[in-house]
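Here are the chains, one letter per residue:
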Amino acid sequence: MLQQLKTAISGAQILFVAFGALVLVPLLTGLNPAMALLGAGIGTLVFQLCTGRQVPIFLGSSFAFIGPIIYSIHTWGQGATMFGLFCAGFMYFVFAAIVRWRGMAMVNRLLPPVVIGPVIMIIGLSVAGAAANMAMGRAGGNQVVPYGSSLLLATVALTTTIIVSIFARGMFKLVPILAGVTVGYIVAAMLGMVDFAKLAAAPWFVVPTFGHMEINWAAALFMLPVAIAPSIEHIGGVMAIGGVTGKDYTKSPGLHRTLTGDGLGVCIAGIIGGPPVTTYAEVTGAVMITRNFNPVVMTWAALFAIAMAFFGKFNALLQSIPMPVMGGIMVLLFGTIASLGLKTLIEAKVDLMEPRNLVIISVVLTSGIGGLELSFGSFSLVGVGLCSVLAIMLNLLLPQKAASHDGIVEGQDL
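This is a predicted model, so every value here is computed, not measured.

**Observations regarding the overall build of the chain**
- The number of helices and strands found in the chain is 19 helices and eight strands.
- In summary, the chain has a C-alpha radius of gyration of 22 Å against a globular reference of 22 Å for 414 residues, a match within 12%.
- Across its three principal axes, the chain shows a C-alpha extent of roughly 75 × 55 × 45 Å.
- Looking at the chain residue by residue over its 414 residues, the buried ones come to 52%.

**Considering the state of the cysteines**
- For the structure shown, the criterion picks out zero disulfides.
- With no disulfide of its own, Cys50 has Cys267 as its nearest cysteine by sulfur position, at a separation of 11 Å.

**As for a nonpolar patch on the surface**
- Together, Ile162, Ile163, Ile166 and Phe167 make up an exposed nonpolar region whose accessible area comes to about 390 Å².
- Checked against the element boundaries, Ile163 lands in helix α8 (residues 147–167).

**Structural notes on helix α14 (residues 281–290)**
- Turning to α14, its buried residues number three or more, namely Val283, Thr284, Gly285, Ala286 and Val287.
- Tucked into the core, α14 has its buried residues touching α1 (2–29), α12 (228–245) and α15 (296–308).
- Trailing α14 by a residue or two, Arg291 shows a phi angle of about 60°, which is positive.

**Topic: the nonpolar core**
- In this structure, Leu28, Phe58, Phe63, Phe65 and Phe334 are the most contacted members of the largest nonpolar core, which totals 110 residues.
- Apart from the residues within four sequence positions on either side, Phe334 is in contact with Leu28, Ile66, Gly124, Val127 and Ala131.

**Notes on the packing of aromatic side chains**
- For the coordinates displayed, the defined rule picks out eight aromatic pairs.
- Summarising the aromatic geometry, the rings of Phe83 and Trp217 are spaced 5.1 Å apart at their centres and angled 85° between planes, so their arrangement reads as edge-to-face. You can see Phe83 sitting in helix α4 (residues 78–102) and its partner Trp217 sitting in helix α11 (residues 217–223), a full 134 residues away along the chain.
- Classification of Phe83 as buried rests on a relative accessible area of 6%.

**A word on unusual backbone geometry**
- Cis rather than trans, the peptide bond between Ser252 and Pro253 has omega equal to 10°.
- Relative to the assigned elements, Pro253 resides in helix α13 (residues 250–272).
- Phi at Arg53 is positive, roughly 50°, even though this residue is not glycine.
- Phi is positive for Lys349, which is not a glycine, with a value near 55°.
- Within the secondary structure, Lys349 is located in the loop between α17 (323–347) and α18 (355–370).
- The class of Lys349 is exposed, set by a relative accessible area of 73%.

**Some thoughts on the side chain of Asn315**
- One can find Asn315 in helix α16 (residues 312–319).
- Taking relative accessible area as the criterion, Asn315 reaches 7% and is therefore assigned buried.

**Remarks on the environment of Val364**
- By secondary structure assignment, the location of Val364 is in helix α18.
- Judged by its relative accessible area of 0%, Val364 falls in the buried class.
- Separated by 26 residues in sequence, Val364 and Leu390 have C-alpha atoms that sit 6.8 Å apart.
- Every residue in contact with Val364, bar those within four places of it in the chain, is listed here: Pro118, Val119, Ile122, Cys387 and Ala391.

**Things to note about the environment of Pro203**
- Turning to its location among the elements, Pro203 is positioned in the loop between α10 (197–201) and α11.
- Residue Pro203 is classed as partly exposed on the basis of its relative accessible area of 42%.
- Residues Pro203 and Ser388, spaced 185 residues apart in sequence, show a C-alpha to C-alpha distance of 44 Å.

**Looking at the packing of α12 against α14**
- Their axes nearest at 10 Å, the elements α12 and α14 cross at an angle of 5°. Looking at the two axes, α12 sits roughly parallel to α14. Contacts between α12 and α14 involve Ala240, Ile241 and Val244 from the former and Thr284, Val287 and Met288 from the latter.
- Partitioning the contact of α12 with α14 into residue classes produces five nonpolar, one polar and no charged.

**Topic: the pattern of salt bridges**
- For the structure on display, the rule yields one salt bridge.
- A salt bridge links Glu347 to Lys343; its shortest N-O distance comes to 2.9 Å. Note that Glu347 and Lys343 are positioned in helix α17 at a spacing of four residues, about one turn of the helix.
- Accessibility expressed as a relative area gives 42% for Lys343, which makes it partly exposed.

**So, the confidence of the model for the chain**
- When pLDDT is averaged along the chain, the result is 85, and 95% of the positions lie at 70 or above.
- Averaged pLDDT values over the elements of the chain bottom out at 41 in strand β8 (residues 408–409) and peak at 93 in helix α2 (residues 33–50).
- Under a pLDDT of 50 for its full length, residues 403–414 has, in the predicted model, seven contacts with residues more than four places off or in other chains.

Conventions used here
Positions within a chain are numbered from 1, following the residues in the order the chain's sequence is written. This being a predicted model, a pLDDT of at least 70 is required before a residue's local features are given, and a value of 80 or more before pairs of side-chain atoms are given or counted; all residues contribute to the totals for chains, interfaces and linings. Computation of side-chain values: all heavy atoms of the structure, hydrogens and water removed. Helical segments are the DSSP runs of H or I of at least four residues, strand segments are the runs of E of at least two, and each set is numbered from the N terminus. The globule rule used here is 2.2 Å times the number of residues to the 0.38 power, and the radius of gyration it is set against is calculated over C-alpha atoms. The classification of residues rests on relative accessible area computed with a 1.4 Å probe and restricted to protein chains. Under 20% of the type maximum is buried, over 50% is exposed, and intermediate values are partly exposed. Any cysteine sulfur atom paired with another within 2.5 Å is treated as part of a disulfide. Only residues whose relative accessible area exceeds 30% and that take part in no salt bridge are eligible for patches, with like-charged residues grouped when within 9 Å of each other and nonpolar side chains (Val, Leu, Ile, Met, Phe, Trp, Tyr) grouped when within 5 Å. Method for areas: the Shrake-Rupley scheme with a 1.4 Å probe, in which residue coverage is limited to the protein chains shown. Whenever Lys or Arg places a side-chain nitrogen within 4 Å of a carboxyl oxygen from Asp or Glu, that contact is recorded as a salt bridge. In this analysis, two residues are considered to be in contact whenever any of their non-hydrogen atoms come within 4.5 Å of each other. We call a set of buried Ala, Val, Leu, Ile, Met, Phe, Trp, Tyr and Cys residues a nonpolar core when their side-chain atoms join them within 4.5 Å. Here the aromatic set is Phe, Tyr and Trp, taking the six-membered ring for Trp, and pairing holds for ring centres within 6.5 Å; pairs whose planes are under 30 degrees apart are stacked, those over 60 apart are edge-to-face, and all others are tilted. Orientation is described by axes fitted as lines to C-alpha atoms, over the contacting stretch for helices, and by angles from 0 to 180 degrees between their N-to-C directions. Angles below 35 degrees are treated as roughly parallel, those above 145 as roughly antiparallel, those between 65 and 115 as roughly perpendicular, and all remaining angles as oblique. Residue polarity is assigned by list, with Asp, Glu, Lys and Arg as charged and Ala, Val, Leu, Ile, Met, Phe, Trp, Tyr, Cys and Pro as nonpolar; anything else, Gly included, falls into the polar class. pLDDT runs from 0 to 100 and stands for how confident the predictor is about each residue.

Given below as structure tokens:
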């Protein structure tokens, strides 16, 4: 009994570590935070079912989908976006089938660092404008929160997040987003910028409102390529947790099983109206610090997440967070995502003096940041989806650097 209590407490600790990032995505995209908690909990349990509860991984809201969700809701509506997110889960099944059939060699050929790096950068940079506007208290071109107060709150939230991420130690280093939101919220409350009326009126217990999917193939085709980056991120996450625990999860239970479990989690999140889920580096860090490798801990974390989805007061508290506080967090968050894309290129030692690599990266960055849109009637491809397609096509079509013989490059006039 005592051991079970310790395991449950460890599970609550894992949820605490993942919580800030978990609820941030729905707060930024307009989705229901309760559905994010419910989707993360159910998704984690389904992942454990697919992997025989061998891998200590917790699935939380994916940052890769923030920009695409915002665009999709604005373009096609929430029901169509839910259908698109549901379909995005099938990209994981495609990768699982490829890994099962040909191993990682085929994945690396289709998606080398020169493809993945700039696409990840676009995930962050394409929504940089939204972060800046929220930090300034602007929405839809209107100043909805006073400019001076907005900058103050954004600065407080951003500064707190930076301080915790750089100077904190132990478990506190793993919750910079949660710390930034908490301090920013307290300052906003002291300035009278928090509306507590809705919080007081909210019931303690409420059944979350499920969304209703609307079949829209344009939204589905838009979301499918977006899943490429988090699918690759998943592979890195599985390898990372394996390095911590000393087990090779790519062999047992196998990458095809972990990808399938994650993909099912994404599909379920889309069905209920929550953001897609992915592996969390914060949780891997917590496992490394606590040295608790028992996957049952993640089961408890998932159960706690599901339970929290039914607390009405708690979800009202989340939705009362002022927009500039979230904007301050986003300034760092989206820049961090772009930096991870740059890190991918650096670690792979991608040669930017090579014209082929320069063409791929340049076309992707300009298309993504510039908002290039490819339209055929009612169908359109834009943002991360278009950038992913362009990067993959250019990588497959452009010739590799010619081999050299005796110091002379073939096909080149000297």
